[in-house]
Amino acid sequence: MKYLNCISLDVSKDSSHIQAFDAQLNKLSKVNIIEHTLEGFSDLRILYDSLDNPVVVFEATGIYHRGLQKYLKDALIPFVMINPLVSAKIRKQSLRSIKTDKKDCRTIAKAYFTADAKDTMVELITESHYNDMRQLSRYYEDTLVHLVKAKGSYNAKLDIVFPGYKKLFSNIYSDTATAVIIKYKHPDTVKKQKIQSIKKCLIKDTHHTEAYCDKQAVKILAYVNNCCSGCYATDIDCDILLDLLGTVKLFELKCNKILQDLIALAKQTDYFEFICSIPGIGENLASRIVAEIGDIKRFKGSKQLIAYAGTDPHIYQSGTRDGVHLNISKKGNKILRTILYLATSCHLRLKTKHNTVITEFYAKKKQQGKPHKVALVASLNKLLKVIYSVSTNQTIFR
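Quick notes on the rules
- Residues numbered from 1 in each chain as written.
- Predicted model: local features only at pLDDT ≥ 70, side-chain atom pairs only at ≥ 80, totals over all residues.
- Heavy atoms only, no water.
- Buried < 20%, exposed > 50% of the residue type's maximum accessible area, 1.4 Å probe, protein only.
- Helix = DSSP H or I, 4+ residues; strand = E, 2+ residues; numbered from the N terminus.
- Pairing = 2+ DSSP bridges.
- Right-handed = clockwise from strand over helix to strand, strands pointing away.
- Axes fitted to C-alpha atoms, helices over the stretch in contact; angles between N-to-C directions.
- Arc of directions from axis to C-beta.
- Core = buried A, V, L, I, M, F, W, Y, C linked by side-chain atoms within 4.5 Å.
- Contact = heavy atoms within 4.5 Å.

Q: Could you give an account of the pairing of strand β4 (residues 55-59), with specific residues and numbers?
A: Buried residues dominate β4, accounting for 5 of its 5 residues. Going residue by residue along β4, you find V55, V57 and E59 tucked away on one face and V56 and F58 tucked away on the opposite face as well. Sheet topology note: the strand β1 (residues 5-11)/β4 ladder contains 4 bridges and is parallel. Within β4, the position partnered with I7 by the bridge is V56. In this sheet, strand β5 (residues 79-82) lies alongside β4 in parallel orientation, the contact comprising 4 bridges. Paired with F58 across the two strands is M81, which belongs to β5. Read as a crossover between parallel neighbours, the route from β4 over helix α2 (residues 66-74) to β5 is right-handed.

Pasting the structure below:
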């Protein structure tokens, strides 16, 4: 339902420009600036009460509109969030593409009154359960970025203090690999130790069997006797190495904690177990997929879900160009695309007894001469259709 009047807001970080319009885009008020405070929002309430059943309209900004959105929900004031792409498209229709905060109010109002409802309404996650999951998913992604950066810094410093140490272990961040570094800090210090001392250190800090620790102690001692470190045992590099290792361990623990909380929430949804039944998707990926999709019932079909992920083709037909073999639109959830790309890659790498519809589809695309990434993205859309099917039909993948 379209309202006859609207209050348009151009949302900024700490304030917003506000102006009211009718359906013909006639001004019903002057442009004012309100602060994102209770006092500022009270001015919005006064304007709302002075008009005949208006609706508040603003662009989705990511974070800056959250305070405004909460106030409107608490005050029971109807509101609509506009997709920024829609308002930007309307702004570019003018021969003179002028963008100011004052003019943006009119552009946002025009987007509400002239565009289709499906293009202007931004789907809201109304259930707190899905909202909590999405916030945890985004927090996990952010923490993962810090973890990767910390690991990069640690690896660089490790190559100075313990050059070649990475070749001894398949996982350089494991308790076995880090126990000696934490206790001795420098290869020259390890050289002075006996095998029994190194073995006791490994047994104490890793809880492995005595035979395993004895084998690792021999390997480590042989390494340090032939190691030429890039610094002295008294250099500050050794202390920095330990500090960086502590940072890596801290972010690893934080990532695991966030992921476990996310999985616990995902298990309470109706779709988690069905998505987990798809080969290549474990609890980690399934929980993050559910968090980014939200309530899958809000999508009327798998095509809407594909468009939400931004993996639908960017169709542009002109003259001899058929316009159907172009890049994906990428006008969707970037994090969901990343997770699905990883899930599809994991699914295709699995050595299962029987081919699935996804692996068969990938093989078909490869036979048609498609490059690997093209076939992979096409398979990603197939995976999204499978996810939609098993979730809405409440069936295990077979």
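Q: Give me the lowdown on the sheet that holds β5, citing residues and values where you can.
A: Taken together, the 5 strands give an open sheet; going across it, the order is β3-β2-β1-β4-β5, and neighbouring strands pair in mixed fashion. Of all the strands in the sheet, the pair left with one neighbour each is β3 (32-35) and β5. Recorded for the sheet is a direction-independent mean angle of 30° between the axes of neighbouring strands.

Q: Outline helix α3 (residues 84-91), listing residues and values.
A: Turning to α3, its buried residues number three or more, namely V86, S87, I90 and R91. Buried residues of α3 fall within an arc of 140° about the axis and therefore sit on the same side.

Q: So what's going on with the nonpolar core? Residues and values would help.
A: Of all hydrophobic cores here, the largest spans 75 residues; its most connected members are Y154, Y165, I220, I281, L340 and I387. Broken down by element, the residue count for this core peaks at 13 residues, all from helix α11 (residues 236-266). Excluding its chain neighbours within four sequence positions, the residues that come into contact with I387 are I275, I278, I289, I293, I296 and L340. In terms of nonpolar packing, the next biggest core, distinct from the first, is built from 19 residues, L47, F58, L68 and M81 among them.

By themselves, these are just geometric observations and shouldn't be taken as functional.
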